[in-house]
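Breakdown of the fold
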Amino acid sequence: MTQAPVNVTVTGAAGQIGYALLFRIASGQLLGPDTPVKLRLLEIPQAVKAAEGTALELEDGAFPQLAGIDIFDDAKQAFAGANVALLVGARPRTKGMERADLLEANGGIFKPQGEAINAGAADDIRVLVVGNPANTNALIAQSHAPDVPAERFTAMTRLDHNRAVAQLAKKLDAPVGEVRKLTIWGNHSASQYPDIFHAEVAGRNAAEAVNDEKWLAEEFIPRVAKRGAEIIEARGASSAASAANAAIDHVHDWVLGTAEGDWTSMAIPSDGSYGVPEGLISSFPVVCKGGKYEIVQGLEISEFSRGRIDASVGELAEEREAVKKLGLI
Ligand code: NAD
Ligand code: LMR
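Since the structure is predicted, the reported quantities are computational estimates derived from the model, not experimental observations. (Residues numbered from 1 in each chain as written. Chains lettered and ligands numbered in written order. Predicted model: local features only at pLDDT ≥ 70, side-chain atom pairs only at ≥ 80, totals over all residues.)

Side note on the overall build of the protein
- Counting its secondary structure elements, the protein contains 11 helices and 14 strands.
- Its C-alpha radius of gyration of 19 Å places the protein within 12% of the 20 Å reference for a compact globule of 329 residues.
- Counting only C-alpha atoms and orienting by the principal axes, one finds that the protein spans roughly 50 × 45 × 40 Å.
- Considering the protein as a whole, with its 329 residues, one finds that 47% of them fall into the buried category.
- In the protein, the proportion of contacts linking residues at least 24 apart, taken out of those at least 6 apart, comes to 72%. (Helix = DSSP H or I, 4+ residues; strand = E, 2+ residues; numbered from the N terminus. Rg over C-alpha atoms; globule rule 2.2 N^0.38 Å. Buried ≥ 20, exposed ≤ 12 C-beta atoms within 10 Å, placed from the backbone. Contact = placed C-beta atoms within 7 Å.)

Encoded structure:
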């Protein structure tokens, strides 16, 4: 390994997702086995000790790719020189809460973090927001980082994407590795739209192979969209290892590229494609190459899909209005 280490800043490092995420980053799964990483962990002062404990365990992993760990309770220091920033730290939803309840509670976190990224992150900074409501939190951070190209701020719908892949594979009794070109549109919320009309399973169109609109409308779509709540109900806590796994997938594919003949889902600032108002951070089908993502263009959108995409995008526009009113953007 002769390459200079990549600085990866992780917020909420002492939390549930942080615990599942950090070891995978340290073992080279985020950026590949040949890229050394330096971890920069950000926590609130009360949780710094717990983050220090995790750092001891990371040391005990003796990961050859791990070039160092620093822990901060100050955002400006944590994001200084960051090449990749994983914004996980936020208050998770608990039983009975909707994501909108979190807007105000978590919005306040993302403004100073956006400012800190603007002030000191590396020129090639890539930001993934995991903390909910992820799309709108990303918008808040982005709006306070005017010197960073807007497209570097993304939010995570990869967990929804992976959930949809798994449910579709199960329905068709196919290996997950045979599912391609599935899309999550819109918000990482119960309004999201998992779209199988362009997906392929073992080379066959998925919607044709399923051939069951009732299952699609009444089982598949709500199951994927409400899977977060299903996990909270079952575990008594929000998803953690699967969320960490999806964060690894998101950044890995953004930096190293999506597989040939496939695409993935990322929430990214809209350029107006597919009628999604410009600037909203909404989930699209994307291919990644050379460290950049591009929206897959030219997909036919049926009436069934249109209504669902519009509903989720409408919710994002409402969230944008809500945070505007709160003075967060
Ligand atoms: P957690 O409560 O276990 O951990 C959150 C951590 O963030 C805590 O250690 C807390 O001290 C820290 N934190 C709070 N404010 C901070 C700040 N200003 N700076 C740095 N750290 C801060 O929660 P978790 O289960 O790890 O979940 C984290 C977030 O991820 C939640 O918002 C959750 O809803 C969200 N989530 C998103 C997805 C997705 O698909 N986008 C999936 C699962 C969870
Ligand atoms: C999830 O999708 O599992 C998370 O966003 C947690 C939640 O609040 O649903």
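Observations regarding the site of ligand 1
- What surrounds ligand 1 is a group of 28 residues, the closest being G12, G15, I17, G89 and A243.
- In terms of residues, the shell around ligand 1 owes the most to one element, helix α1 (residues 16–26), which gives 3 residues.
- No fewer than three residues from each of domain 1 (6–155) and domain 2 (158–319) sit in the shell around ligand 1. (Near = placed C-beta within 6 Å. Domains from an automatic or database assignment.)

Details of helix α6 (residues 158–171)
- Here α6 contains 14 residues, and its C-alpha end-to-end distance of 20 Å stays within 8% of the 20 Å for a straight helix at 1.5 Å per residue.
- For α6, the buried fraction is high: 10 of the 14 residues fall into the buried class.
- Taken as a whole, α6 has its buried residues at R158, L159, D160, H161, N162, R163, A164, V165, Q167 and L168.
- Phi turns positive one or two residues past the end of α6, at D173, with a value near 55°. (Expected span 1.5 Å × (residues − 1).)

Re the site of ligand 2
- By nearness alone, every residue bordering ligand 2 is listed as R93, N132, L159, G228, A229, I231, S238 and S239.
- Ranked by residue count, the leading element in the shell around ligand 2 is helix α9 (residues 227–235), at 3 residues.
- Class assignment for the residues of the shell around ligand 2 results in 3 nonpolar, 4 polar and 1 charged. (Nonpolar A, V, L, I, M, F, W, Y, C, P; charged D, E, K, R; others polar.)

Topic: the pairing of strand β3 (residues 66–72)
- Two elements, strand β2 (residues 37–42) and β3, share 6 bridges in a ladder whose sense is parallel. The partner of L41 across the bridge, within β3, is I71.
- What joins β2 to β3 is helix α2 (residues 48–60), and the crossover it makes is right-handed. (Pairing = 2+ DSSP bridges. Right-handed = clockwise from strand over helix to strand, strands pointing away.)

Comments concerning the domain arrangement of the protein
- The domain boundaries assigned to the protein delineate domain 1 (6–155) and domain 2 (158–319).
- Computed from C-alpha atoms alone, the centre-to-centre distance between domain 1 and domain 2 is 23 Å.
- Residue-level contacts link 30 residues of domain 1 with 26 residues of domain 2.
- Of all the secondary-structure elements, those providing two or more residues to the side of domain 1 that touches domain 2 are α1, β4 (84–87), β5 (126–129), α5 (134–143) and β6 (153–155).

Looking at the UniProt feature "active site" (unreviewed entry) in the protein
- Within the UniProt annotation, "active site" (unreviewed entry) is assigned to H188.
- Structurally, H188 is set in the loop between β8 (183–185) and β9 (193–195).
- Not counting residues within four places of it along the chain, the set of residues in contact with H188 comprises A134, N135, A155, M156, T157, D160 and A267. (UniProt positions renumbered as here; feature names shortened; annotations may be inferred.)

Some details on the sheet that holds strand β11 (residues 204–205)
- Pairing within the open sheet is antiparallel, and its 3 strands lie in the order β7-β10-β11. The strands lining the two open edges of the sheet, one partner per strand, are β7 (179–180) and β11.

Remarks on the nonpolar core
- Core analysis: the largest hydrophobic core is formed by 91 residues, its most contacted members being A85, L86, V129, V130, A141, M156 and A247.
- No other element matches the 7 residues that helix α10 (residues 241–256) contributes to this core.
- For this core, the two domains that each supply at least three residues are domain 1 (6–155) and domain 2 (158–319).
- Residues contacting L86, with those up to four places away along its chain left out, are V8, V10, L21, L128, V130 and A247. (Core = buried A, V, L, I, M, F, W, Y, C linked by C-beta atoms within 7 Å.)

Section: helix α8 (residues 213–225)
- Compared with the 18 Å implied by 1.5 Å per residue over 13 residues, the 17 Å span of α8 between its first and last C-alpha is a close match.
- Taken together, the buried positions of α8 are L216, F220, V224 and A225.
- Next to the buried residues of α8 lie α6, β9, α7 (206–210) and α9.

Side note on the packing of α6 against α8
- Interaxial distance between α6 and α8 falls to 9 Å at its minimum, and their mutual angle equals 140°. With respect to each other, α6 and α8 are oriented oblique. Considering how the two elements wind past one another, α6 and α8 form a crossing that is right-handed. Counting all contacts with α6, which are made through D160, R163, A164, Q167 and K171, the residues of α8 involved are W215, F220, R223 and V224. (Axes fitted to C-alpha atoms, helices over the stretch in contact; angles between N-to-C directions. Parallel < 35°, antiparallel > 145°, perpendicular 65-115°, else oblique. Left-handed = near helix turned anticlockwise from the far one by under 90°.)

Here's the deal with the UniProt feature "binding site: substrate" (unreviewed entry) in the protein
- Residues annotated by UniProt as "binding site: substrate" (unreviewed entry) correspond here to R93, R99, N132 and R163.
- On the secondary structure map, N132 appears in the loop between β5 and α5.

A closer look at the environment of A26
- Looking at where A26 falls in the secondary structure, it is placed in helix α1.
- It is 8.3 Å that separates the C-alpha atoms of A26 and P64, two residues lying 38 residues apart in sequence.

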